[in-house]
Amino acid sequence: MTAAAAVVLDNEAIQALGTATHPKHRRTLSFIDAVNQRNQRRRTPISVFVPVAVRVEAGWDRTAPESSLVNRLARARDVVQNGAAADRAARLRVAAEVSVVDATVAQAAEASPSPTVILTSDVADMRRLAALLDGGAQVVRI
Amino acid sequence: MATREVELFRWLDRLDRDDESIVTSVRQPAALREALRVAVDLGMDATVNDATVRALRDRLETFAQRMALESHYSQHPEARPSLAEVALAAAELDDNPLSQEPALLRRAADEVVAVKPDASADDVLVWAAALHSVRAS
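Residues numbered from 1 in each chain as written. Chains lettered and ligands numbered in written order. Predicted model: local features only at pLDDT ≥ 70, side-chain atom pairs only at ≥ 80, totals over all residues. Heavy atoms only, no water.

## A short note on the pattern of salt bridges
Put simply, the test is: For this document, the term salt bridge refers to a Lys or Arg side-chain nitrogen within 4 Å of an Asp or Glu carboxyl oxygen. In DSSP terms, a helix is any run of H or I states spanning at least four residues, a strand is any run of E spanning at least two, and both are numbered starting from the N terminus. Between buried and exposed lies partly exposed: a residue is buried under 20% and exposed over 50% of the maximum accessible area for its type, with that area taken using a 1.4 Å probe on protein chains only.
One pass over the full model with this rule turns up 23 salt bridges over all chains. Close ionic contact of Arg26 of chain A with Glu85 of chain B constitutes a salt bridge, the shortest N to O distance being 2.7 Å. With Arg26 of chain A in helix α2 (residues 25–40) and Glu85 of chain B in helix α4 (residues 83–94), the pair connects residues from two separate chains. Overall, Arg26 of chain A belongs to the partly exposed group, its relative accessible area being 31%. Overall, the relative accessible area of 30% leaves Glu85 of chain B in the partly exposed class. Among the ionic pairs, Glu101 of chain B bridges to Arg135 of chain B, the shortest N-O distance being 2.8 Å.

Shown next as C-alpha cells:
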C-alpha cells in the first residue's frame, strides 16, 4: 500500500468528469476531490495527467467552451509523446493486444511519477497492460 | 463563475503554452532562501527558481481546483461525493485494503465528523483503520 503520486485519465474518466449527467460523474469526482484534499495538505503532491491521444479520442479540445468544466475540475496536464514514447507504446500495444489509445495511456502511466494510478472503465485491458510496465501501475475502475 | 475566477483559470491555462517569464523581486525569510538553496543542492529540484515556481504553481492549481469543485457542487449538489465516497476513492488510489470495506468507511466517516467536522478523506481512513484494528483484536 503506497500513496499515489500520479493519476492518468482514460477516455471514459474524461467523459464522466466533463458531463454532470454522466452516470459515473460523481464517482470520478470523488477521485479528483481526494487528490485535491491531499494536495491541499501538501503531502507528496499528486499530479493528474492525460495523454494527448486520449484527449483526441475524448474530443477534449481545451479551447472549446464546452470543455470548461473538465478543464477546471481535472486540472490535468498533457502527456505529449515523442518518438521513444511512441516506440514504447507500439511495443505495449502488440504485447497486450490493445488499442492505440490504451497503449498510450499505459506508456504515459509508466513515464509518470510512481506510484501511478490509471482511472479507467476498461479494467481488463488496462490490468493486462499494467502488468507489462516497468514499476507497474494501479488500475482503478471508475 | 465570477470574473476574477475566470481570470485565474485563464492565467493558469497559459502556463503550459506560454514561455514568457518576468523577473520579480520577492521578500522572503532569509532562512527560507538558505534552506531552499541547500534542498536544491540535495536534489529537490534543478534550481532554486524551479523549486519556487513549482511550489507556487502547485499551490495555485490546488486552490483553483478546489474553487472549481465547490462551484460545481453548488450548482449540482447531487454531484458532491460524500466524505465516505471520497475516502473510498483515496483508499483505492493507495491500493489500501480498506477499499474493500465500504461499510466500515461509511461508519468511520459518520463517527469522525462528530469529533472533527472538517474531517478529510485521510482522517476517515485513519479512523477506519483504528476501527478495523479494534475489530480484529
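So much for the structure itself; the text now carries on.
## Re the sheet that holds strand β5 (residues 138–141) of chain A
Residues and elements named next belong to chain A. In plain terms, the rule: DSSP-based pairing: two strands are paired if at least 2 bridges between them are found. Axis angles are defined between N-to-C directions and span 0 to 180 degrees, where every axis is a line fitted to C-alpha atoms and, for a helix, only to the segment in contact. By the convention used here, residues are in contact when the closest approach between their heavy atoms is within 4.5 Å.
In spatial order, the strands read β3-β2-β1-β4-β5; together these five strands make up an open sheet with parallel pairing. Of all the strands in the sheet, just β3 (77–79) and β5 have a single pairing partner and so form its edges. Between one strand and the next, the sheet's axes are offset by a mean angle of 30°, whatever the strand orientation. Of the strand pairs in this sheet, strand β2 (residues 47–51) and β3 are connected by three bridges, and their pairing is parallel. Its bridge partner lying in β3, Pro51 is registered against Val79. In this fold α2 packs onto β1 (6–9), β2, β4 (116–120) and β5, with an angle of close to 135° to the strand it touches most, β5.

## Re the confidence of the model for chain B
Where we set the bar: pLDDT is defined as a per-residue confidence score from the predictor, taking values between 0 and 100.
Put simply, chain B has an average pLDDT of 93, and 99% of its residues get 70 or more. What the predictor reports for the complex is a pTM of 0.91 with an ipTM of 0.91.

## A closer look at the pairing of β4 of chain A
Residue and element names in this part refer to chain A. Most of β4 sits out of view: five of its five residues are buried. What you see with β4 is no split at all: Thr116, Ile118 and Thr120 on one side and Val117 and Leu119 on the other are buried throughout. In the sheet, β1 pairs with β4 via four bridges, with the strands oriented parallel. Bridge assignment links Val8 to a residue of β4, and that residue is Ile118. Of the strand pairs in this sheet, β4 and β5 are connected by four bridges, and their pairing is parallel. Across the sheet, Leu119 pairs through a bridge with Val140, a residue of β5.

## Digging into the environment of Met1 of chain B
Mapped onto the elements, Met1 of chain B comes out in the segment before α1 (3–14). In this structure Met1 of chain B comes out as partly exposed when scored by relative accessible area, which is 38%. In this structure, the C-alpha to C-alpha distance between Met1 of chain B and Ser71 of chain B, residues 70 residues apart in sequence, is 7.3 Å. Look past the residues within four positions of Met1 of chain B in its chain and what remains in contact with it is Arg72 of chain A together with Val6, Phe9, Ala68 and Ser71 of chain B.

## Regarding helix α1 (residues 11–18) of chain A
Think of an α-helix as 3.6 residues a turn; residues three or four steps apart then line up on the same face. All names here are of chain A. Test applied: Pairs of N or O atoms are called polar contacts if they sit within 3.5 Å, as long as, within protein, a hydrogen donor faces a hydrogen acceptor (for residues adjacent in sequence, only side-chain-to-side-chain pairs).
Turning to α1, its buried residues number three or more, namely Asn11, Ala13, Ile14, Ala16 and Leu17. Packing partners of the buried residues in α1 comprise β1, α2, β2, α3 (52–58), α4 (68–74) and β4. Capping of α1 at its N-terminal end is provided by Asp10; its side-chain oxygen lies 3.0 Å from the backbone amide nitrogen of Glu12.

## A few points about the interface of chain A and chain B
What counts, and what does not: Accessible area that two parts lose when put together, evaluated with a 1.4 Å probe and summed over both, is termed the buried area.
On the chain B side, the residues contacting the 35 residues of chain A number 41 residues. Summed over both sides, the interface between chain A and chain B buries roughly 3400 Å², with carbon and sulfur atoms accounting for 50% of that surface. Considering only the surface of chain A that becomes buried against chain B, Arg26, Arg72 and Arg75 of chain A emerge as the three largest contributors, covering 22% of it. Between chain A and chain B we count nine salt bridges in total. The shortest N-O distance in the salt bridge between Asp33 of chain A and Arg66 of chain B comes to 2.6 Å. Applying the counting criterion to the chain A and chain B interface returns 21 residue pairs in polar contact (both at pLDDT 80 or more). If you list the elements that add at least two residues to the side of chain A that touches chain B, you get α2, α4 and β5 of chain A. For the side of chain A that touches chain B, the leading source of residues is α2 of chain A, giving 15 residues.

## Some words on unusual backbone geometry
If a residue is not glycine, its phi is most likely negative; likewise, a peptide bond is most likely trans. Residue and element names in this part refer to chain A. Cis peptide bonds are those with omega within 30 degrees of zero, and the linkage from Ser114 to Pro115 qualifies with 0°. Assignment of secondary structure puts Pro115 in the loop between α6 (100–111) and β4. Of note in the backbone geometry, Glu97 takes a positive phi value of approximately 55° without being a glycine. Along the chain, Glu97 falls in the loop between α5 (83–96) and α6.

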